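# Notes for the structure review
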Amino acid sequence: MASTKKTVPTKATKASDISQWDIETDVIVVGFGGAGSCAAIEAADSGAKVHLFEAASAAGGSTALSGGEVYLGGNGGTKIQNMFGFEDSSEDMFNYLMMQHSPQADEDKIRSYVDIAASHFDWLVEKGVPFKESFIDERLVEPITDDCLLYSGNEKAWPEKDHFKPAPRGHAVQKVGMGGGQVLMEQLEKAVIAAGVNIHFDARALSLVVDDNDAVVGLIVRIDGKEVACKARGGVILCAGGFVMNEKMLKQYAPRLDRCNSPIGNPGDTGSGIQMGLSVGGAAINMHEGFSSIPFYPPSTLTYGIFVTDKGQRFINEDAYHGRVGTHLLEQNSERLYLIADIEAYGDYEQMNFMNASVAGTGDTVAELEAELELPQGCLSNTLSLYNDFAAKGEDPMFHKQPEWLRPLEPPYVALDVTPGRGAYMPYFTLGGLDTKPTGEVRGLDGSIIEGLYAAGRTACGVPRRGDGYNSGISIGDATITGRKAGIAAASRLKNS
Ligand SMILES: Cc1cc2nc3c(=O)[nH]c(=O)nc-3n(C[C@H](O)[C@H](O)[C@H](O)COP(=O)(O)OP(=O)(O)OC[C@H]3O[C@@H](n4cnc5c(N)ncnc54)[C@H](O)[C@@H]3O)c2cc1C
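Residues numbered from 1 in each chain as written. Predicted model: local features only at pLDDT ≥ 70, side-chain atom pairs only at ≥ 80, totals over all residues. Heavy atoms only, no water.

### Details of the overall build of the protein chain
As a reminder of what qualifies: Working definition: helices are DSSP H or I runs of at least four residues, strands are E runs of at least two. Numbering for both runs from the N terminus. Each radius of gyration reported is based on C-alpha atoms, and the globular scaling rule is 2.2 Å times the count of residues to the power 0.38. Burial status follows relative accessibility: with a 1.4 Å probe on protein chains alone, a residue under 20% of its type maximum counts as buried, one over 50% as exposed, and anything between as partly exposed. Working rule for contacts: check all heavy atoms of both residues, and any pair within 4.5 Å makes them a contact. Just so you know, the count uses Lys and Arg for positive and Asp and Glu for negative, and it drops His and the chain ends. In this description, the location of a charge corresponds to atom NZ of lysine, CZ of arginine, CG of aspartate or CD of glutamate.
Scanning the protein chain from N- to C-terminus turns up 14 helices and 21 strands. Its C-alpha atoms give the protein chain a radius of gyration of 24 Å, within 12% of the compact-globule value 23 Å for 497 residues. When its C-alpha atoms are laid out on the principal axes, the protein chain stretches across 80 × 50 × 40 Å. Sorting the 497 residues of the protein chain into buried and exposed places 61% on the buried side. Put simply, 74% of the contacts in the protein chain that link residues at least 6 apart link residues at least 24 apart. Separation of charge centres in the protein chain, based on 43 positive and 65 negative side chains, amounts to 7 Å.

### Some points on the nonpolar core
One broad rule of soluble globular proteins: the nonpolar side chains tend to lie buried together. Rules: For our purposes a nonpolar core is just a set of buried Ala, Val, Leu, Ile, Met, Phe, Trp, Tyr and Cys residues, chained together by side-chain atoms within 4.5 Å. Boundaries of every domain are those given by an automatic assignment or by a domain database.
Core analysis: the largest hydrophobic core is formed by 125 residues, its most contacted members being Y113 and M355. In this structure, this core is formed jointly by two domains, domain 1 (1–293 + 428–497) and domain 2 (300–417), each of which donates at least three residues. For Y113, the contacting residues outside a window of four places in its chain are Y71, L72, M93, L97, V463, G473, I474, G477, D478 and I481. If you look at the next biggest cluster of nonpolar residues, it comprises 17 residues, including I340, L369, A391 and L409.

### Describing helix α13 (residues 379–391)
The line we're drawing: For a helix, the expected span equals 1.5 Å multiplied by the residue count minus one. Comment: arc refers to directions from the helix axis out to C-beta atoms.
In this model, α13 (13 residues) spans 18 Å end to end at C-alpha, consistent with the 18 Å of a helix rising 1.5 Å per residue. Taken residue by residue, α13 has C379, L380, T383, L384, Y387, N388 and A391 as its buried positions. Buried positions in α13, seen along its axis, are confined to an arc of 150 degrees and lie on one side of it. Those residues of α13 that are buried are in contact with β14 (306–308), β15 (338–342), α12 (366–372) and β17 (413–417).

### Quick notes on the site of the ligand
Worth spelling out the cut-off: Neighbouring residues are identified by heavy atoms, a residue being near a molecule or strand if any of them is within 4 Å of it. By the criterion applied in these results, polar contacts are pairs of N or O atoms within 3.5 Å in which, for protein atoms, one can donate a hydrogen and the other can accept it, and in which residues neighboring in sequence qualify only through two side-chain atoms. Using a 1.4 Å probe, accessible areas were evaluated by the Shrake-Rupley method; residue-level cover was limited to the displayed protein chains. Throughout, the ten residues Ala, Val, Leu, Ile, Met, Phe, Trp, Tyr, Cys and Pro are labelled nonpolar, Asp, Glu, Lys and Arg are labelled charged, and all others, Gly among them, are labelled polar.
Among the 38 residues in the neighbourhood of the ligand, the closest are listed as E54, S62, T63, S475 and I476. Note that an oxygen atom of the ligand is positioned 2.8 Å from one of the backbone N or O atoms of S62. Considering the ligand on its own, with 1000 Å² of exposed area, one finds that the protein chains cover 92% of that surface. Mapped by element, the contributors of at least two residues to the shell around the ligand are α1 (34–45), α2 (61–65), β8 (203–210) and α14 (474–496). Among the residues making up the shell around the ligand, the classes are represented as 16 nonpolar, 18 polar and four charged.

### Quick look at the side chain of S152
Residue placement: S152 occurs in the loop between β5 (149–150) and α6 (160–163). When its relative accessible area of 3% is taken as the criterion, S152 is described as buried. Once residues within four sequence positions are removed from consideration, S152 is found in contact with E69, Y71, R169, G170, Y321, N471 and S472.

### Considering the packing of aromatic side chains
Applied cut-off: When the centres of two rings from Phe, Tyr and Trp lie within 6.5 Å, Trp using its six-membered ring, the rings pair. Their planes under 30 degrees apart give stacked, over 60 give edge-to-face, and anything left gives tilted. We call a charge positioned above a ring when the Lys NZ or Arg CZ atom is no farther than 6 Å from the ring centre and deviates by at most 35 degrees from the ring normal.
For the coordinates displayed, the defined rule picks out 17 aromatic pairs. On the numbers, 6.3 Å between centres and 85 degrees between planes, the contact of F86 with Y151 is edge-to-face. With F86 in the loop between α3 (79–83) and α4 (90–101) and Y151 in the loop between β5 and α6, this pair connects stretches of sequence that are 65 residues apart. Y151 carries the same exposure label as F86, and that label is buried. Each ring, one from F243 and one from Y253, has its centre 6.0 Å from the other, and the planes form 70 degrees; the classification is edge-to-face. Pair noted here: F243 is in the loop between β10 (226–238) and α8 (247–253) and Y253 is in helix α8, with a separation of 10 residues, a long-range link. Every member of this aromatic cluster is reached through a ring pair, and the members are F84, F86, F135 and Y151. Stacked on the ring of Y96, the Lys or Arg R169 has its end atom at 5.4 Å from the ring centre.

### A short note on the state of the cysteines
What we call a disulfide is simply a covalent bond connecting the sulfur atoms of a pair of cysteines. To be explicit about the condition: In plain terms, two cysteine sulfur atoms within 2.5 Å form what is called a disulfide here.
Enumeration over the complete set of coordinates arrives at zero disulfides. Cysteine C230 shares no disulfide, and the gap to the nearest cysteine sulfur, in C239, comes to 16 Å. Note on C230: relative accessible area 0%, which makes it buried. C239 forms no disulfide, and the closest cysteine sulfur to it belongs to C38, at a distance of 9.0 Å.

### With respect to the domain arrangement of the protein chain
Note the following rule: Using a 1.4 Å probe, buried area is obtained as the accessible area two parts lose upon being combined, added over both of them. Salt bridge, as used here: a side-chain nitrogen of Lys or Arg that lies within 4 Å of a carboxyl oxygen of Asp or Glu.
For the protein chain, the assigned domains read domain 1 (1–293 + 428–497) and domain 2 (300–417). Each partner contributes residues to the interface: domain 1 has 25 residues there, and domain 2 has 23 residues. Note on domain 1 versus domain 2: buried area summed over both sides is about 2100 Å², and carbon and sulfur give 52% of it. In this assembly, domain 1 and domain 2 are joined by two salt bridges. Across the domain 1-domain 2 interface, the total number found is 14 residue pairs in polar contact (both at pLDDT 80 or more). Broken down by class, the residue content of the side of domain 1 that touches domain 2 amounts to nine nonpolar, nine polar and seven charged.

### Observations concerning unusual backbone geometry
Across the junction of Y297 and P298, the peptide omega takes the value 5 degrees, indicating a cis bond. Following the sequence through the fold, P298 ends up in the loop between β13 (290–292) and β14. Geometrically, the link from P298 to P299 is a cis peptide bond, its omega value of 0 degrees lying close to zero. Along the polypeptide, P299 turns up in the loop between β13 and β14. Even without being a glycine, D224 presents a positive backbone phi close to 50 degrees. Positionally, D224 belongs in the loop between β9 (216–223) and β10.

### Details of the side chain of R458
On the secondary structure map, R458 appears in the loop between β21 (449–455) and α14. A polar side-chain atom of R458 sits 2.8 Å from a polar atom in the side chain of S475. Of note is the side chain of R458, whose polar atom sits 2.8 Å from the side chain of D478. Those residues within four positions of R458 in sequence are excluded, and the remaining contacts are G241, G242, I274, F429, T430, L431, G432, G433, P464, S475 and D478.

### Focus: the environment of S497
For S497, the location among the structural elements is in the segment after α14. Among the residues examined, S497 registers a relative accessible area of 73% and is labelled exposed. In this structure the C-alpha to C-alpha distance between S497 and R233, which are 264 residues apart in sequence, comes to 8.9 Å.

Now the structure itself:
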């Protein structure tokens, strides 16, 4: 039993203060979401005795709340990519992800992700995760049918499409309607049980335990109101999600994200995993970054519209991924931001939309709309006139929107208010976390390894590092792949010790 006074994630516990270990095991996993389940499965399959602690009363975390899209490909393609004629090269996928996340991209991590990404699809299928053999070539946030393969990022948009052969890499778990993450987690939970992992629900990890050499040797967990001291011979793997639900950490590290209005995640996204890593000398990196979106499609017809500032200026190709557009909205120096559409582009927005942006103005002419939005006279007219002239020729020399989304916008017009903080739905979550090697080993500030400590999923800073380079599926892909690698590494540390 631990003899600590106040046990908190920000303060490590000394092993010398522990009079007796309540649980002794090989590998401890904190968090039963995507990363934690994969870490536990691989550690157990490698022969380690594993204890998994989850603060909630059930498995799932944010992974179970998610759309269940997983970003996979490379190595010639997954089975489903191949079925629909996509031979996805690892070099294309690697270079694409490097471009997406630079300058803070981690080359080693991206390489390690791409190397395993196609076979990871097979691993998930082996664990019982269902994927329909289908390809849906539509501009979607996530399928509402049970379809699988889709373009889920900027593969077909400028500038990426000028550099790499576009390949759809979003693999949505089979489920009619949104929320395939639930099905994914149901199957991973079954696989965790089958692997013989000791599972503890309602078990909150409170503090890491370190020995006299500052190596991590265990964890204090609160179970049934009592503090339980757990020893880990191989290592502790932190898979406790990100910090989007911790207002104080958000203000401290990622204040820009605060301008979005909908933190997405589970209540456990309090950053406790990151805090535990920091408490033993781990480094946290990229803490300012996050995914921030404006899900303006469906209806996909709004892609024909144009985003403008309060000076009537465009700033992005509207066929970009919704996460890139959302990130750019946060970056504009503009009091108001609008999506301007004509009636055809507005389409069935009122029947079906996720974004919930209100109508800021309408006009039978562009001058009327300009006046209603109180824009400086002539600025929107000039923008539209230039845009329309080129769009009629299928060109967009300013922002390179692709010809399939180009046509002149004809009056009457409508303007949707997409200003962050004025009602339009802008979901966000964090992309910063502990600095880890591709194996999941946590690095300290000087780059050295914190012995016995691993992190995966959103507790670590993984492959996704930029809001404007995010693709749907990359967070679950990263969580499940890095979880697996950390599980293998912690189990093999035990064997080598
Ligand atoms: C609505 C929504 C849709 C999304 N759609 C997609 C998508 O389609 N594709 C995609 O790639 N990403 C998507 N994401 C993001 C993605 O789901 C998450 O980033 C990812 O699943 C995180 O996985 P994880 O294993 O790191 O964390 P989680 O799955 O959140 O697991 C962390 C677990 O740790 C537990 N925990 C926290 N603190 C403690 C503690 N101190 N002690 C014990 N347990 C603790 C939590 O309760 C939780 O169960 C979506 C997110 C949301 C919310």
